[in-house]
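# Understanding the architecture of this molecule
Given next are the chains, with one letter for each unit.
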Amino acid sequence: MNMASIAALFLFFIVIRAQSEGQTFITVECKTGNVVQYGQQSMLDCVVKTTQVVRDATILVVSWEKEDTKGAVRVLTFEKGRIDPKPGFRFAEPSWNDKNMNVSLLITNTTLKDIGKYKCVVMTDSGDNTNHTNLSVTAKYNEPMIHSIPEKITRDEDVTLICTSEGGYPEGRLGWFDEHGIKWPDSSPLQVENASNGLFKLTSRLSLLKNTIFSKYTCKVFNASGAKEGETALEIPGKVAEQEGRKELDEPTKIVAPVVVIGSLIVGMLLALLVYRRRSRKARRFSTTPLMSDHHRVSESAAEEGDHLNIETQ
Ligand SMILES: *[C@@H]1O[C@H](CO)[C@@H](O)[C@H](O)[C@H]1NC(C)=O
Ligand SMILES: *[C@@H]1O[C@H](CO)[C@@H](O)[C@H](O)[C@H]1NC(C)=O
């Protein structure tokens with residue numbers, strides 16, 4: 001046998017096998033690991049691949065089913081030329097027909113109910129095949145909110161900070177950090193609640209003793225894989241005592257100002273007195289001794305110096 005006849009024989013066996021099982025000519029290939037944001041569209045991407053032997057397949061049946069603990073629920077079917085979708089489901093291809101090998105499923109508004117395993121059954125005039133794909137959903141947590149008990153932080157009493165963040169999925173966690181970025185352990189276990197839509201609400205508490213309160217606390221929310229999704233900081237005003245301290249600092253300046261004013265008044269009056277006395281003495285001198293030697297003048301000024309000293313010591 002030559003190569004060509006071996007190949008022909010091989011092909012012959014494939015065709016026989018395909019016909020006996022009725023599904024070897026086509027395969028349904030699906031993308032896996034679909035992760036979709038809550039509230040967005042999701043697409044479960046599946047296409048029908050045909051072998052080279054089949055050039056032009058026609059689809060007879062498509063059945064998209066969501067597998068459940070109770071069984072499978074049909075969400076989209078094509079059968080006997082009719083498309084029958086459940087509300088919120090359709091073919092991803094806008095004008096899908098039985099010649100379109102892209103049988104992807106579109107979920108228009110993804111919620112937590114849509115999480116799970118899906119089965120895609122395809123029957124064509126050239127064979128049948130089935131495949132599965134999964135859908136998981138995530139939702140981003142809202143910015144955390146912090147409030148305190150008591151509401152007003154006075155630093156004269158202990159306080160509990162309460163941080164909440166909601167609207168996330170799957171379960172995440174919260175963390176407390178002080179102004180230096182040091183993590184503080186929660187004072188009670190993280191409280192996890194389910195909202196009616198299944199999304200999580202996280203609540204964490206941090207108790208502070210009145211004497212060990214920092215000036216800033218940050219609450220951060222992390223998603224299930226540990227990535228930070230948001231943070232909110234709470235600034236705590238300084239102690240009331242500290243503000244009083246600042247007032248005390250002002251006191252000396254209040255005292256200093258009058259002292260300076262009064263002091264300069266006294267100095268001014270002394271100077272005025274000095275000038276007055278010098279003038280009156282000069283006047284006297286001119287009237288008694290109109291002619292004076294330089295020597296006299298010097299001794300006069302020395303005497304004046306003495307007067308000055310006298311005034312200061314008085
Ligand atoms: C199937 O169709 C959808 C919608 O047109 C498209 O986004 C997707 O990429 C298609 N899939 C493949 C494998 O071509
Ligand atoms: C957490 O957030 C990161 C970054 O935004 C993202 O890549 C990851 O998929 C998220 N994980 C979950 C479980 O939401």
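Let us look at the structure shown here. (Residues numbered from 1 in each chain as written. Chains lettered and ligands numbered in written order. Predicted model: local features only at pLDDT ≥ 70, side-chain atom pairs only at ≥ 80, totals over all residues. Heavy atoms only, no water.)

## Regarding the overall build of the chain
In terms of regular secondary structure, the chain is built from three helices and 19 strands. Scored against the burial criterion, the 314 residues of the chain give a buried share of 31%. Pairs at least 24 residues apart make up 58% of the contacts formed inside the chain by residues separated by at least 6 positions. A total of about 20100 Å² of accessible surface is found on the chain, and carbon and sulfur atoms cover 57% of it. (Helix = DSSP H or I, 4+ residues; strand = E, 2+ residues; numbered from the N terminus. Buried < 20%, exposed > 50% of the residue type's maximum accessible area, 1.4 Å probe, protein only. Contact = heavy atoms within 4.5 Å. Areas by Shrake-Rupley, 256 points an atom, 1.4 Å probe, with all protein chains shown as cover.)

## Some points on the site of ligand 2
Taken together, the neighbourhood of ligand 2 is formed by Thr138, Asn223, Ala224, Ser225 and Ala227. With respect to ligand 2, the side chain of Ser225 contributes an N or O atom lying 2.6 Å from a nitrogen atom. Isolated, ligand 2 exposes 360 Å² of accessible area, and the fraction of that covered by the protein chains is 47%. (Near = heavy atom within 4 Å. Polar contact = N/O pair within 3.5 Å; in protein donor to acceptor, adjacent residues only side chain to side chain.)

## Examining the nonpolar core
Ranked by size, the top nonpolar core spans 30 residues in total, and within it Ile59, Val62, Trp64, Val103, Leu105 and Val122 carry the most contacts. Those elements that provide at least two residues to this core are strand E1 (26–30), strand E4 (46–50), strand E5 (59–68), strand E6 (71–79), strand E8 (89–91), strand E9 (105–107), strand E10 (116–124) and strand E11 (127–138). Beyond its immediate sequence surroundings of up to four residues, Ile59 is in contact with Val48, Phe78, Trp96, Asp98, Asn100, Met101, Val103, Val122, Met123 and Thr124. Within the second largest apolar cluster, 17 residues are counted, among which are Leu161, Leu202, Leu208 and Tyr217. (Core = buried A, V, L, I, M, F, W, Y, C linked by side-chain atoms within 4.5 Å.)

## Some words on the site of ligand 1
Around ligand 1, the structure places Met43, Asp45, Val47, Ala92, Glu93, Asn102 and Ser104. At a separation of 3.1 Å, a nitrogen atom of ligand 1 approaches a polar side-chain atom of Asp45. Contacts to ligand 1 include Glu93, whose side-chain N or O atom sits 2.5 Å from an oxygen atom. If ligand 1 stood free it would expose 360 Å²; the protein chains cover 54% of that surface. Its residues assigned to classes, the shell around ligand 1 shows three nonpolar, two polar and two charged. (Nonpolar A, V, L, I, M, F, W, Y, C, P; charged D, E, K, R; others polar.)

## Structural notes on the pairing of E6
One ladder, built from eight bridges, connects E5 with E6; its direction is antiparallel. Bridged to Asp68 within E6 is Gly71. A loop of two residues connects E5 with E6, the two strands running antiparallel in sequence. Relative to strand E7 (residues 82–85), E6 runs antiparallel, the two sharing four bridges. Along E7, the bridge assignment pairs Glu79 with Arg82. Once E6 ends, the chain turns through two residues before running back antiparallel as E7, passing Lys80 with a positive phi of about 50°. (Pairing = 2+ DSSP bridges.)

## A closer look at the side chain of Asn100
Inspection of the secondary structure puts Asn100 in the loop between E8 and E9. Reaching out from Asn100, the side chain makes a polar contact with the side chain of Glu93 at a distance of 3.0 Å. Reaching out from Asn100, the side chain makes a polar contact with the backbone nitrogen of Asn102 at a distance of 2.9 Å. Leave out the neighbours within four places in its chain, and Asn100 touches Ile59 and Glu93.

## Topic: the packing of aromatic side chains
All chains considered together, the criterion is met by five aromatic pairs. Taken together, a centroid distance of 4.9 Å and an interplanar angle of 75° make the contact between Phe78 and Trp96 edge-to-face. Residue Phe78 is located in strand E6, and its partner Trp96 is located in the loop between E8 and E9; the two are separated by 18 residues in the primary sequence. Residues Phe78 and Trp96 agree in their burial class; the two are buried. Their ring planes at 65° and their centres at 5.9 Å tell us that Trp184 and Phe214 sit as a pair that is edge-to-face. (Phe/Tyr/Trp six-rings, centres within 6.5 Å; stacked < 30°, edge-to-face > 60°.)

## Here's the deal with the state of the cysteines
Tallied over the full model, the rule gives two disulfides. Note on cysteine connectivity: Cys30 is disulfide-linked to Cys46, with sulfurs 2.0 Å apart. Measuring handedness by torsion sign, the sulfur bridge of Cys30 and Cys46 sits at about 110° and is right-handed. With Cys30 in strand E1 and Cys46 in strand E4, this residue pair connects regions lying 16 residues apart in the sequence. Each member of the pair, Cys30 together with Cys46, is buried. Here Cys163 connects covalently by a disulfide to Cys219, the sulfurs 1.9 Å from one another. In this structure the cystine formed by Cys163 and Cys219 twists about its S-S bond by roughly -80°; its chirality is therefore left-handed. Linking Cys163 in strand E13 (residues 159–168) with Cys219 in strand E18 (residues 216–222), this pair joins segments that are 56 residues apart in sequence. (Disulfide = S-S within 2.5 Å.)

Coordinates in, geometry out; function isn't part of it.
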